[in-house]
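# Observations on chain architecture
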Amino acid sequence: MKKNTNNTAGATVMPMAEIFKLNQSQACALFAERSGVSQRAFAEMGKLHFSISAKLKPKESIYKILRANGVKDSAISNASYASKVWAMVEDKYLTEKQFDSLSFADCYTMIRAMSEDSACQLIESDISGILKESKDPHLDFESIFKTGMPAAEAEAYAKKQEKLRKEEEKAREARIAEAEKRIAANAGQDSESGEPEEEENTDGKVIPINRGQSPVAATVKTASRAGSEMKKATAEDALELISTLEVMLIEIEDKEELKSVAQRLSEITKTAAELAADNGKAKKPSKKTVAMAA
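Residues numbered from 1 in each chain as written. Predicted model: local features only at pLDDT ≥ 70, side-chain atom pairs only at ≥ 80, totals over all residues. Heavy atoms only, no water.

### Focus on the overall build of the chain
What the chain contains, in helices and strands, is 13 helices and two strands. Out of the 294 residues belonging to the chain, those deemed buried represent 22%. Contacts spanning at least 24 positions in sequence make up 53% of the contacts within the chain whose residues lie at least 6 apart. Summing over all exposed atoms, the chain offers an accessible surface of approximately 21,500 Å²; the carbon and sulfur share of this is 56%. (Helix = DSSP H or I, 4+ residues; strand = E, 2+ residues; numbered from the N terminus. Buried < 20%, exposed > 50% of the residue type's maximum accessible area, 1.4 Å probe, protein only. Contact = heavy atoms within 4.5 Å. Areas by Shrake-Rupley, 256 points an atom, 1.4 Å probe, with all protein chains shown as cover.)

### Focus: the side chain of Asp-140
Relative to the helices and strands, Asp-140 resides in helix 8 (residues 137-147). Discounting residues that sit within four places of it in the chain, Asp-140 has contacts with Ile-130, Ser-134, Met-149, Pro-150 and Ala-151.

### Looking at the pattern of salt bridges
All chains considered together, the criterion is met by 12 salt bridges. Glu-142 serves as the salt-bridge partner of Lys-146, at 3.5 Å between the closest nitrogen and oxygen. Note that Lys-146 and Glu-142 are positioned in helix 8 at a spacing of four residues, about one turn of the helix. Residue Glu-155 is joined to Lys-159 by a salt bridge in which the shortest nitrogen-to-oxygen separation is 3.7 Å. (Salt bridge = Lys/Arg side-chain N within 4 Å of Asp/Glu carboxyl O.)

### Remarks on unusual backbone geometry
Even without glycine at this site, Lys-59 takes up a positive phi of about 65°. Residue position: Lys-59 is located in the loop between helix 2 (24-54) and helix 3 (62-67). Look at Lys-59 and you get exposed, because its relative accessible area is 90%. Backbone geometry places Lys-92, a non-glycine residue, at a positive phi of 75°.

### Structural notes on the packing of aromatic side chains
Overall, the coordinates contain five aromatic pairs when judged by the stated rule. A ring pair is formed by Tyr-81 and Tyr-108, whose centres lie 5.2 Å apart and whose planes are at 75°; its orientation type is edge-to-face. Here Tyr-81 is found in helix 4 (residues 73-90), whereas its partner Tyr-108 is found in helix 6 (residues 104-113), with 27 residues between them in sequence. On the basis of relative accessible area, Tyr-108 is assigned to the partly exposed category, the value being 29%. Between Phe-104 and Tyr-108 the ring centres are 5.9 Å apart and the planes differ by 25°, which places this aromatic pair in the stacked class. Highlighted residues: Phe-104 and Tyr-108, both in helix 6, separated by four residues, approximately one helical turn. Ring pairs connect the aromatic residues Phe-42, Tyr-81, Phe-104 and Tyr-108, which therefore count as one cluster. Note that Lys-84 overlies the ring of Tyr-81, its terminal NZ or CZ placed 5.5 Å from the centroid. Above the plane of the ring of Phe-145 lies Arg-112, whose end atom (NZ or CZ) is 3.8 Å from the centre. (Phe/Tyr/Trp six-rings, centres within 6.5 Å; stacked < 30°, edge-to-face > 60°. Lys NZ or Arg CZ within 6 Å of the ring centre and 35° of its normal.)

### Description of the nonpolar core
Core analysis: the biggest nonpolar cluster contains 21 residues, and Val-85, Met-110, Leu-122, Ile-127 and Phe-141 have the highest contact counts within it. Elements with a minimum of two residues in this core: helix 2, helix 4, helix 6, helix 7 (124-133) and helix 8. Ranked by residues supplied to this core, first place goes to helix 4 with five residues. Grouped together as the second largest cluster of nonpolar side chains are five residues, Ile-176, Ala-179, Ile-183 and Val-247 included. (Core = buried A, V, L, I, M, F, W, Y, C linked by side-chain atoms within 4.5 Å.)

### A short note on helix 4
With 18 residues, helix 4 extends 25 Å between its outermost C-alpha atoms, agreeing within 8% with the 26 Å of an ideal straight helix rising 1.5 Å per residue. Burial in helix 4 covers these residues: Ile-76, Ala-79, Ser-80, Ala-82, Ser-83, Val-85, Trp-86, Met-88 and Val-89. Lining the buried residues of helix 4 we find helix 2, helix 3, helix 5 (96-100), helix 6 and helix 7. (Expected span 1.5 Å × (residues − 1).)

### With respect to the packing of helix 9 (residues 151-186) against helix 11 (residues 235-251)
Where helix 9 contacts helix 11, the axes come no closer than 9 Å and their chain directions differ by 165°. When the axes of helix 9 and helix 11 are compared, the pair comes out roughly antiparallel. When you trace helix 9 past helix 11, the crossing you get is left-handed. The segment helix 9 lies against helix 11, with Arg-172, Arg-175, Ile-176, Ala-179, Glu-180, Arg-182, Ile-183 and Asn-186 engaging Glu-236, Glu-240, Ser-243, Thr-244, Glu-246, Val-247, Ile-250 and Glu-251. Here the contact of helix 9 with helix 11 is built from residues that sort into five nonpolar, three polar and eight charged. (Axes fitted to C-alpha atoms, helices over the stretch in contact; angles between N-to-C directions. Parallel < 35°, antiparallel > 145°, perpendicular 65-115°, else oblique. Left-handed = near helix turned anticlockwise from the far one by under 90°. Nonpolar A, V, L, I, M, F, W, Y, C, P; charged D, E, K, R; others polar.)

Pasting the structure below:
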């Protein structure tokens, strides 16, 4: 019969019924005691993992060896983080005393901050400096992994960005309000009058303009009629549409969408410039015409 090599087989966990019998002071004291035991056990497991790994034969797996001793894969994996941190002790970046004080969470966040996935990939000397200077290394390592900055710097940066965002939003709202005022002025709307303004189209029908509409909606509606019913557009129509477009552009937040609009505007501006140039040439009499008139 195969001998059971699991040394923890006979170990028992304190039943919850016994724990509930403890008063608050006793429970807190026992928790602190177990925490110390767990801390020391984790540090020892990290050292053991490093030692066992160093003595493995070619193609031999630490998982296979420890499984044979009844160790779970999750326990081996957890200890591997401490083993990687111990390598920094071997390289003189950390002391054994510093290592012995680290928890699993400390080792885990430390190794993650040194990985390629980190927002700012740390090296051994960085780890040494943070452990010496930081009030909460675990929090700083976690923050560096996510943001590339220690916790205090990341918090200050986030507050600054939020302040800038609010200021930009306020300025954006002010620009929209100003643009809408210009549209209202261009459309000849009187904010003090409650009477609807009437407009006559090409068919002789009177179309009321609802003053309850937003300036943008009213201008878009008027522009639509200008394109479908009016015989000929005017410069005033075009300027009114440009004012409307200005408001719409302010409200577009997606940069990629703005790029396509900007490209189209560039094309329209070029076309307008060409038309203006052509009209200017048509109106200017040639030297030959002037001579004939003379």
